[in-house]
Each structure stands twice: as structure tokens, then as C-alpha cells.
Amino acid sequence: MQNTLKDVSVLMPEGVRAELYDRLDSTNTKARMLAQAGEKGPLWVIAKHQTMGRGRLGRTWVSDAGGNLYASLLFAPKVAARDLSALSFITALAVGDALVAHGVAAEDIACKWPNDVLIGDKKCSGILIESLLGAEGHLDAVVVGVGVNLVAFPAETRFPATSVQDEIGHTPSVEDFLASLAHAFVDQWQHWENFGFGAVAKRWLPLAWNMNKRCKVDMADGFVEGIFVRLGDDGGMVIKLDDGTEKSLYAGDVYPIDV
Ligand code: BT5
């Protein structure tokens, strides 16, 4: 069942729409289906509950709790697919802005490469970006999925999790949080359009979790250990290996070395 919530639409940035569903398998999957049917957005698809919330690499995003944010932005940017490496950083910064707008202390927020937002070293938000490519690799549309634990979080996760409620003792409404996120996303996206990836990195790096510390990165086919020294121009995580050489990583899960 779908409602176009008047109050949510009214809170959206100019030209951006929102559709709220009671229950979806996944807002990303729904947004992809809408894109395949010709929808170009910008449209935020939100669900009160997801039955098959998705993470990266076929993982599950635990989504049973009502009151958390499960949202996906569908839009058709006029950029090449290869220029989308900034998007996870733009989105993480926007999530951070929305958290601050709802009372989380800025100094407690960290961005964990490539796509998580932490409060107090625990994962509060995950981002799943999916591109829809047409003929000859042309970018037709992109879906930016954002899960934010506003009220609840799963107990058993490989990396510790948290919620806004747990951290600050109150819960923003899904509608208000989405509105803040949607506005912050437009601001961060425009910043990138105007000033390029370097400007995004300049905002992201001071928030980077575990920067200049030893970490191990789970690459699915094995671990890489080293020190996270900088972000590459292409969004890659540059780590310094024990032999002094640097290596750029483009996917993986980062853990502190003692985990
Ligand atoms: C992510 O994947 O963090 C991306 C999550 C994106 C979820 C949103 S919700 C709206 C939209 N619709 C969707 O179907 N998805 C998007 P990844 O980095 O692969 O992390 C997944 C891992 O995080 C899981 O394997 C768990 O260990 C952990 N996890 C699962 N649910 C969690 C939660 N609610 N809070 C914190 N950690 C969680």
C-alpha cells in the first residue's frame, strides 16, 4: 500500500517527491522497479517496514523495527557512471548533517569507509548505492539507499551497532529525519557539483573513522592489513602496507586491528 504523505512531500526540497509505503521488501528494489518503468525522480521511496532489506554483497539490513528510516532516493544525474564514486561520501555527509540537525553531537559522528555512519564508534547508518546502466554503459538512474537506526538496532552484528534513541535518549520522527536528510543531500550534492571530489573529501576526511590507525580490511577473498593514510582522488581507501608500499582499495569491510 502506498500513500503520498502530504506532510512529507511538503517537507521535501523543491522538485523532490516522496512516496511512503507501509511495507516493502526493499526500498532499493522498489526504486529500481520504478526506474525500470521510466520514473526518473528525484523521488524518495520510504517504507515503514522492509521485509528483505539489503546490504552490500547480498547481506541483510535488519529492518523489522518500525520507527527506523528505510529510504531510497531515485534520480537520474547527468554524470558518467565513473563519476559516481563521490556518491557514498556525499550521502554519508548528508546523513551526518541530518543526525546533527536532530541533536547528535557532531564530535560523536564518524564516517566509516566506504559507506557507514557511526555514532560513538557504532554503526547507526548504512548506505547501499545501485546504478542502473543502459545502452553502452550509459547511466540511466541511480538509487541511493539509506538505512538509519532511529529507534532500534540489531543486537548481533559483526560490527557494533547503535540507534539515535540509544545515543541521545530521544527518537526523531521518520518524516522529520527524512526531510533533513533530503535537504542535506541536495546541499552536499551541489557542493560536489560546484567544487568537485576534492571538496567532498575535505569534508569527509575530518570525520573519517580509524584514519592513520592500523586496520584490517576484509576483501571477501582475504584480509589486507595496514594504515589508512588517505583517500584517493577516485574514492579508494589508500592503505600503507607493512613493507611501506601503498595500496588502493575499492571495496571491503574495515575493522580495527584488535577485532
Ligand atoms: C550496508 O550494507 O550497510 C547498507 C545498508 C543499506 C540499507 C538501506 S535501508 C533502505 C535501502 N533499502 C535496502 O534494501 N537497503 C537500503 P553493509 O555494509 O553490507 O552492511 C550490512 C551489515 O551490517 C550486515 O551484514 C550486518 O552485519 C550489519 N547490519 C544489518 N542490519 C543492521 C542495522 N540495522 N544496523 C546496523 N548494522 C546492521
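Some words on the layout of surface pockets
To locate leftover empty space, one rolls a probe as large as a water molecule over the atoms.
Then, in step 1: Put simply, the largest pocket is a space of about 630 Å³.
Then, in step 2: Gly55, Arg59, Thr60, Trp61 and Lys123 are the residues nearest the centre of the largest pocket, which is lined by 34 residues in total.
Then, in step 3: Elements supplying a minimum of two residues to the lining of the largest pocket: α2 (27-36), β4 (69-75), β7 (122-133), β8 (139-148) and β13 (253-256).
Then, in step 4: With four residues, the single largest contributor to the lining of the largest pocket is β7.

Some remarks on helix α6 (residues 197-204)
Spacing of three or four residues puts side chains on the same side of an α-helix, whose turn is 3.6 residues.
Then, in step 1: When α6 is considered as a whole, its buried residues turn out to be Phe197, Ala199, Val200, Ala201 and Trp204.
Then, in step 2: Along its buried surface, α6 packs onto α3 (87-101), β5 (109-112), α5 (174-195) and β10 (223-231).

Focus on the side chain of Gln188
Then, in step 1: Of note, Gln188 is situated in helix α5.
Then, in step 2: The class of Gln188 is buried, set by a relative accessible area of 5%.
Then, in step 3: When near neighbours in sequence (up to four residues on either side) are disregarded, Gln188 contacts Ile90, Leu93, Ala94, Asp97 and Arg203.

Quick look at the site of the ligand
Then, in step 1: Neighbouring the ligand are 29 residues; Ser26, Arg54, Arg59, Lys123 and Asn149 lie closest to it.
Then, in step 2: Asn149 is positioned with one of its side-chain polar atoms (N or O) 2.8 Å from a nitrogen atom of the ligand.
Then, in step 3: Here the ligand loses 93% of its free accessible area of 800 Å² to cover by the protein chains.
Then, in step 4: In this structure the site holding the ligand corresponds to the largest pocket.
Then, in step 5: Residue assignment for the shell around the ligand shows that the elements contributing at least two residues are α2, β4, β7 and β8.
Then, in step 6: For the shell around the ligand, the leading source of residues is β7, giving four residues.
Then, in step 7: Grouping the amino acids of the shell around the ligand by side-chain chemistry returns nine nonpolar, 14 polar and six charged.

A word on the domain arrangement of the protein
Then, in step 1: By domain assignment, the protein separates into domain 1 (8-207) and domain 2 (214-256).
Then, in step 2: Between domain 1 and domain 2, the buried area comes to about 1,200 Å², and carbon and sulfur atoms account for 61% of it.
Then, in step 3: The largest share of the area that domain 1 buries against domain 2 comes from Trp113, Arg158 and Phe197, three residues that together contribute 52% of it.
Then, in step 4: Linking domain 1 to domain 2 there are three salt bridges.
Then, in step 5: Note that Asp218 and Arg158 form a salt bridge whose closest N and O atoms lie 3.0 Å from each other.
Then, in step 6: Remark: the boundary between domain 1 and domain 2 carries eight residue pairs in polar contact (both at pLDDT 80 or more).
Then, in step 7: Counting residues per element, the side of domain 1 that touches domain 2 draws most heavily on α6, at three residues.
Then, in step 8: Considering only residue class, the side of domain 1 that touches domain 2 consists of eight nonpolar, one polar and four charged.

Section: the pattern of salt bridges
Then, in step 1: The tally for this structure, following the rule as stated, stands at 13 salt bridges.
Then, in step 2: Between Glu167 and Lys122 there is a salt bridge, and its shortest N-O distance comes to 3.9 Å. Of this pair, Glu167 sits in helix α4 (residues 164-168) while Lys122 sits in strand β7, and the two are 45 residues apart along the sequence.
Then, in step 3: Measuring nitrogen to oxygen at the nearest pair gives 2.5 Å for the salt bridge that ties Arg230 to Glu246. Note that Arg230 is positioned in strand β10 and Glu246 in strand β12 (residues 246-249), a separation of 16 residues in sequence.

A word on the packing of aromatic side chains
To describe a pair of aromatic rings, you give the distance between the ring centres and the angle between the ring planes.
Then, in step 1: Per the stated rule, a full pass over the model turns up eight aromatic pairs.
Then, in step 2: Ring geometry for Phe75 and Phe185: centres 5.8 Å apart, planes at 80 degrees, overall edge-to-face. With a gap of 110 residues between them, Phe75 in strand β4 and Phe185 in helix α5 connect regions that are remote in the sequence. Accessibility classification places Phe75 together with Phe185 in one group, the buried group.
Then, in step 3: With a centroid separation of 6.2 Å and an interplanar angle of 20 degrees, the aromatic rings of Phe185 and Trp189 are classed as stacked. One end of the pair, Phe185, and the other, Trp189, are both in helix α5, four residues apart, so they sit about a helical turn from each other. Here the two residues Phe185 and Trp189 agree in accessibility, since each one is buried.
Then, in step 4: An aromatic cluster of at least three residues, connected via ring pairs, comprises Phe75, Phe185, Trp189 and Trp192.

Rules of the game
Each chain has its residues counted from 1, running along the sequence as written. Whole-chain, interface and lining totals are the exception, using all residues; otherwise, since this is a predicted model, local features are given only for residues with pLDDT of at least 70 and side-chain atom pairs are given and counted only at 80 or more. Side-chain metrics rest on all non-hydrogen atoms present in the structure, leaving aside hydrogens and water. Think of a 1 Å grid over just the protein atoms. A cavity is a set of points where a 1.4 Å probe fits yet cannot get out, a pocket is an open set with protein on both sides within 12 Å along at least five of seven lines, and lining residues have an atom within 4 Å of a point. Grid points are joined across faces, edges and corners, and a volume is the space filled by probe spheres set on the points. The helix and strand labels rest on DSSP assignments: H or I over at least four residues marks a helix, E over at least two residues marks a strand, and numbering proceeds from the N terminus. Exposure classes here rest on a 1.4 Å probe applied to the protein chains alone. A residue is buried below 20% of its type maximum, exposed above 50%, and partly exposed in between. Note on contacts: a residue pair qualifies if any of its non-hydrogen atoms lie within 4.5 Å across the two residues. Whether a residue is near a molecule or strand depends on its heavy atoms: it is near if one of them lies within 4 Å of it. Under this definition, polar contacts are N or O atom pairs within 3.5 Å; protein pairs additionally need one hydrogen-donor-capable and one acceptor-capable atom, and for neighbouring residues in sequence, both atoms have to be side-chain atoms. Only the protein chains shown count as cover for residues, and the accessible areas themselves come from Shrake-Rupley with a 1.4 Å probe. Any molecule with more than half of its atoms within 2 Å of a cavity's or pocket's grid points is regarded as sitting in that cavity or pocket. Under the scheme applied here, ten amino acids are nonpolar (Ala, Val, Leu, Ile, Met, Phe, Trp, Tyr, Cys and Pro), four are charged (Asp, Glu, Lys and Arg), and all others, including Gly, are polar. In this entry, domain limits derive from an automatic or database-based domain assignment. Once two parts are joined, some of their accessible surface, as seen by a 1.4 Å probe, is lost; buried area is that loss totalled over both. Salt bridge criterion: a side-chain nitrogen from Lys or Arg within 4 Å of a carboxyl oxygen from Asp or Glu. Pairing of aromatic rings covers Phe, Tyr and Trp, the last counted by its six-membered ring, and requires centre-to-centre distances within 6.5 Å; plane angles under 30 degrees mean stacked, over 60 mean edge-to-face, and any other angle means tilted.

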